Amino acid sequence: MNLKKMIPVLLMAMCTSLVMPAFAGNETPVTTEKTNNDAHAQQLVNRLKEIRDMDKSDLTSSERRALRKEVKEMKKEVKRDSKGIYLSVGAIIIIILLLILLL
């Protein structure tokens, strides 16, 4: 094989060998917290369905404001409870390109 063709193959092999151990970790699921979070999430969903199905035409402006505030608080709580890092496809491609250029 030509050396110019072999370098990208070796770089990709090295990158994948570095990434694989990160996914091979032993995870022990925490069932009690997950059950509590699922129950709480279900309560939030039920309350949002109640608010959505509610007839809002006969509410006063202060009651509507209170409903909007309640929905905003629920959204903040959901964002706070969600854990994890979300990467877009574009961000992943940029990271891979940077790794290739730097290595």
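Here goes a summary of the coordinates provided. Small disclaimer: the values here were computed from a predicted structure and weren't measured.

The rules behind the values
Residues numbered from 1 in each chain as written. Predicted model: local features only at pLDDT ≥ 70, side-chain atom pairs only at ≥ 80, totals over all residues. Heavy atoms only, no water. Helix = DSSP H or I, 4+ residues; strand = E, 2+ residues; numbered from the N terminus. Buried < 20%, exposed > 50% of the residue type's maximum accessible area, 1.4 Å probe, protein only. Areas by Shrake-Rupley, 256 points an atom, 1.4 Å probe, with all protein chains shown as cover. Salt bridge = Lys/Arg side-chain N within 4 Å of Asp/Glu carboxyl O. Patch = residues over 30% accessible without salt bridge, like charges linked within 9 Å, V, L, I, M, F, W, Y side chains within 5 Å. Lys, Arg positive; Asp, Glu negative; His and termini not counted. Charge placed at Lys NZ, Arg CZ, Asp CG, Glu CD. Core = buried A, V, L, I, M, F, W, Y, C linked by side-chain atoms within 4.5 Å. Contact = heavy atoms within 4.5 Å.

Considering the overall build of the chain
Each helix and strand counted, the chain has four helices and zero strands in total. If you list the helices and strands of the chain from N to C, you get α-α-α-α. Taken across its 103 residues, the chain has 8% of its residues classed as buried. Summing over all exposed atoms, the chain offers an accessible surface of approximately 9,500 Å²; the carbon and sulfur share of this is 64%.

Quick word on the pattern of salt bridges
In the structure shown here, the tally under the stated rule is three salt bridges. The salt bridge involving Glu70 is made with Arg47; its shortest N-O contact spans 2.7 Å. In this pair, Glu70 is assigned in helix H3 (residues 61-81) and Arg47 in helix H2 (residues 31-53), connecting sequence segments 23 residues apart. The partner of Asp53 in a salt bridge is Arg52, and the shortest N-O contact between them spans 3.5 Å. Assigned by exposure class, Asp53 and Arg52 land together as exposed. Beyond isolated ion pairs, a larger network of salt bridges with shared partners links Arg47, Glu50 and Glu70.

Remarks on a positive patch on the surface
Taken together, Arg64, Arg65, Arg68, Lys69, Lys72, Lys75, Lys76 and Lys79 make up a surface patch of like positive charges. Its place among the elements puts Lys69 in helix H3. Lys69 sits in the exposed class, given a relative accessible area of 57%.

Topic: the nonpolar core
Residues Leu44, Ile51, Leu59, Leu67, Val71 and Met74 constitute the largest nonpolar core, which totals six residues. At the level of secondary structure, the elements contributing two or more residues to this core comprise H2 and H3. Broken down by element, the residue count for this core peaks at three residues, all from H3. Apart from residues no more than four positions distant in its own chain, Ile51 is found in contact with Lys56, Leu67, Glu70, Val71 and Met74.

Quick look at the environment of Leu59
One can find Leu59 in the loop between H2 and H3. Under the relative-accessibility criterion, Leu59 is labelled buried at 18%. Leave out the neighbours within four places in its chain, and Leu59 touches Met54, Arg64 and Leu67.

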